[in-house]
Amino acid sequence: MITAFQDWIAILLRWLHLMAGIAWVGTSFYFNWFDLSVRPPKGKVLKENIRGTLDEIHGGSFYYHEQYWPDTHPERLLVHAWPAKTTLITGILLLTGIYWHGARTYLIDPSVADLPPIAAIGISFVSLVACWFFYDLLCFFADSNRTVFVVMSLFVALAAWCYQHVFSGRAAYIHVGAMLGTCMGLNVWTSIVPHHIAMRKRLMAGQPIDKKDGEKAKRRSQHNNYFTLPVTFAMISNHFALAYNHHRAWLILCLLMAGGVSIRHYLNVLYKEDRKERSLLAVVVAAFGGAIGLSFVRPAPPPVVGPVDTPTAMAIVQRRCMPCHSQKPTHPSFAAPPSGFILETPEHVMAKAEKVVQRTSVTRDMPQGNATGMTDEERAQLKVWVEGQGKKP
Ligand code: HEC
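It should be emphasised that the depicted structure is a prediction, and the values quoted were computed from it without experimental measurement.

Quick look at the site of the ligand now. Close contacts around the ligand come from 21 residues, with Cys321, Cys324, His325, Lys352 and Met366 the closest. The side chain of Lys352 places a nitrogen or oxygen atom 2.6 Å from an oxygen atom of the ligand. Between an oxygen atom of the ligand and a side-chain N or O atom of Lys355, the distance comes to 3.1 Å. Counted by class, the shell around the ligand contains 11 nonpolar, 6 polar and 4 charged residues.

Here it is in structure tokens:
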């Protein structure tokens, strides 16, 4: 009962996180693209100090926008900060509720590093905070966005490599995303919003705005725009064991993120007067192709064991799978068998034979977080037994 209730909290938090995240990413996409797509006005304009204008058609209507610097505070001014704040808050709750509270199931993989939960949680917390300070200081010292981009790309690659060597594959990917997501959320909270407030205060006091405030907010907003796609990939990656359970999972992640950033940049500059950046499409193909190719390179499986009989195979299933995949799971994290998938008899195993072999021997993400400590030998034995069953007349 309690576990089912916890599951519902997790479902609603994820749903809220997703809703807020979509709203945030949507505005980020729109405004950053807009900034690069406006052109200086040719004819009559409505406001003073126009930087650019843009005509659009969408959903059956024509729209006309002017980007300008106001002299007075507009009567009605929409702000867009809440989606970002909601995404950050729900993200923190999800990370702590799922990965910290369920550290043994989701964060720690004893075959990677047999950490006590408190140590794993400590690494999680310190690394996320450290990344923010690193990035914030980098922005302070480096004026060029190109430098920030190169240094942060190397930092992300290093972080992905480090996480892979301390956490479960799934938690490693989520943490790279959480790290960048934290930077995004704190960019809004500590830089973009305060600079917006500073500009509005000056207007309300009848003073001209300081364009430096605008430039600083804009810079962090641009960085956020390039973080969006890497972060969203990391957030949905718990479905992609083929990528995260790999001995070079960190590199696969970097390639997939690089593809996302390239697509973002390509779309941002699509309507810019002087640039098209078509070569970026080649980068996308190379990055995604590289990730797919790499995923097929896996270390050789352990030496083939002799024939495996049914009692041996079912003893393995009972020890390693049934704590979760049974009518009444004994594992504390599950009130009901996950995915409704029960593994109590040889027939149950054979009914989803291909999936069982795929997830224990190829992607190796079952048992989840290797919570039941399945050995390589047992994985090989289960595979040999399943394949032997399949060949029986
Ligand atoms: C700690 C709990 C846990 C253990 C132990 C565990 N699993 Fe799972 N299993 C899950 C969860 C959670 C899911 C659903 C999420 C997913 O598919 O990743 C799942 C899903 C699956 C699925 C996909 C079912 C479907 O129809 O989509 C297969 C196959 C599977 N497990 C096989 C195994 C095998 C084989 C073992 C034992 C070697 C095992 N699992 C041990 C938690 C566990």
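Continuing now.
What follows is about the pairing of strand E2 (residues 61–68). As judged from the 8 bridges shared by strand E1 (residues 50–58) and E2, these two strands associate in the antiparallel manner. Following the sheet pairing, Asp55 is matched in E2 by Tyr64. Between the antiparallel neighbours E1 and E2 lie 2 residues, among them Gly59 with a positive phi of about 55°.

The final tally for this structure, using the stated rule, is 13 aromatic pairs. Here Tyr30 and Phe34 contribute two aromatic rings whose centre-to-centre distance is 6.0 Å and whose plane-to-plane angle is 35°, an arrangement assigned as tilted. Of the two residues, Tyr30 and Phe34 both sit in helix H1 (residues 2–37), 4 residues apart, roughly one turn of that helix. The exposure class assigned to Tyr30 is partly exposed, which follows from its relative accessible area of 27%. A relative accessible area of 6% places Phe34 in the buried class. Ring geometry for Tyr163 and Phe167: centres 5.7 Å apart, planes at 15°, overall stacked. As far as burial versus exposure is concerned, Tyr163 and Phe167 are alike and both buried. Joined through ring pairs, the aromatic side chains of Tyr30, Phe31, Trp33, Phe34 and Tyr271 make up one cluster. Taking the ring centre of Trp189 as reference, the NZ or CZ of Lys85 above it sits at 5.0 Å.

Once that is clear, we can look at helix H5 (residues 145–164). An α-helix turns once every 3.6 residues. As a result, residues three or four positions apart point the same way. With 20 residues, H5 should reach 28 Å at 1.5 Å per residue; the first-to-last C-alpha distance of 28 Å fits that figure. Buried residues of H5: Val148, Met152, Val156, Ala157, Ala159, Ala160, Tyr163 and Gln164, and no others. Buried residues of H5, viewed axially, fall in a sector of 165°; they line one side. Among the exposed residues of H5, those pointing more than 90 degrees away from its buried face are Arg146, Leu154 and Leu158. Summarising the contacts, the buried residues of H5 are in contact with helix H4 (117–141), helix H6 (169–204), helix H7 (211–236) and helix H9 (249–268). The distance from a side-chain oxygen at the start of H5 to the backbone nitrogen of Arg146 is 3.1 Å, and the residue carrying that oxygen is Ser144.

Our focus in this paragraph is the layout of surface pockets. Put simply, the second largest pocket is a space of about 2,000 Å³. For the second largest pocket, the lining is made up of 47 residues, of which Phe31, Leu77, Leu78, His80 and His196 are closest to its centre. At the level of elements, H1, E1, E2, H6 and H7 are the ones that each hand at least two residues to the lining of the second largest pocket. Considering every element that reaches the lining of the second largest pocket, the biggest residue donor is H1, with 9 residues. Taken together, the residues of the lining of the second largest pocket sort by class into 26 nonpolar, 12 polar and 9 charged.

With that settled, consider empty space enclosed by the protein. Throughout the structure, instances matching the rule amount to 1 cavity of 30 Å³ or more. If you add up the space inside the largest cavity, you get close to 40 Å³. In this structure, the largest cavity is lined by Ala160, Gln164, Gly169, Ala172, Tyr173, Val176, Tyr244, Ala249, Trp250 and Leu253. Of all the elements in the fold, those that place two or more residues in the lining of the largest cavity are H5, H6 and H9. The greatest single-element share of the lining of the largest cavity, amounting to 4 residues, is contributed by H6.

Right, let's talk about the domain arrangement of the chain for a bit. Split into domains, the chain comes out as domain 1 (2–37 + 80–239) and domain 2 (310–391). One C-alpha centre belongs to domain 1, the other to domain 2, and the line joining them spans 35 Å. For the interface between domain 1 and domain 2, the tally reads 0 salt bridges. Counting across the domain 1 and domain 2 interface gives 1 residue pair in polar contact (both at pLDDT 80 or more). Those elements that place two or more of their residues in the side of domain 1 that touches domain 2 are H1 and helix H3 (103–107). Class assignment for the residues of the side of domain 1 that touches domain 2 results in 4 nonpolar, 3 polar and 2 charged.

Calculation rules
Residues numbered from 1 in each chain as written. Predicted model: local features only at pLDDT ≥ 70, side-chain atom pairs only at ≥ 80, totals over all residues. Heavy atoms only, no water. Near = heavy atom within 4 Å. Polar contact = N/O pair within 3.5 Å; in protein donor to acceptor, adjacent residues only side chain to side chain. Nonpolar A, V, L, I, M, F, W, Y, C, P; charged D, E, K, R; others polar. Pairing = 2+ DSSP bridges. Helix = DSSP H or I, 4+ residues; strand = E, 2+ residues; numbered from the N terminus. Phe/Tyr/Trp six-rings, centres within 6.5 Å; stacked < 30°, edge-to-face > 60°. Buried < 20%, exposed > 50% of the residue type's maximum accessible area, 1.4 Å probe, protein only. Lys NZ or Arg CZ within 6 Å of the ring centre and 35° of its normal. Expected span 1.5 Å × (residues − 1). Arc of directions from axis to C-beta. Contact = heavy atoms within 4.5 Å. 1 Å grid on protein atoms, 1.4 Å probe; cavity = no way out; pocket = protein on both sides within 12 Å on 5 of 7 lines; lining within 4 Å. Points joined across faces, edges and corners; volume = space filled by probe spheres on them. Domains from an automatic or database assignment. Salt bridge = Lys/Arg side-chain N within 4 Å of Asp/Glu carboxyl O.

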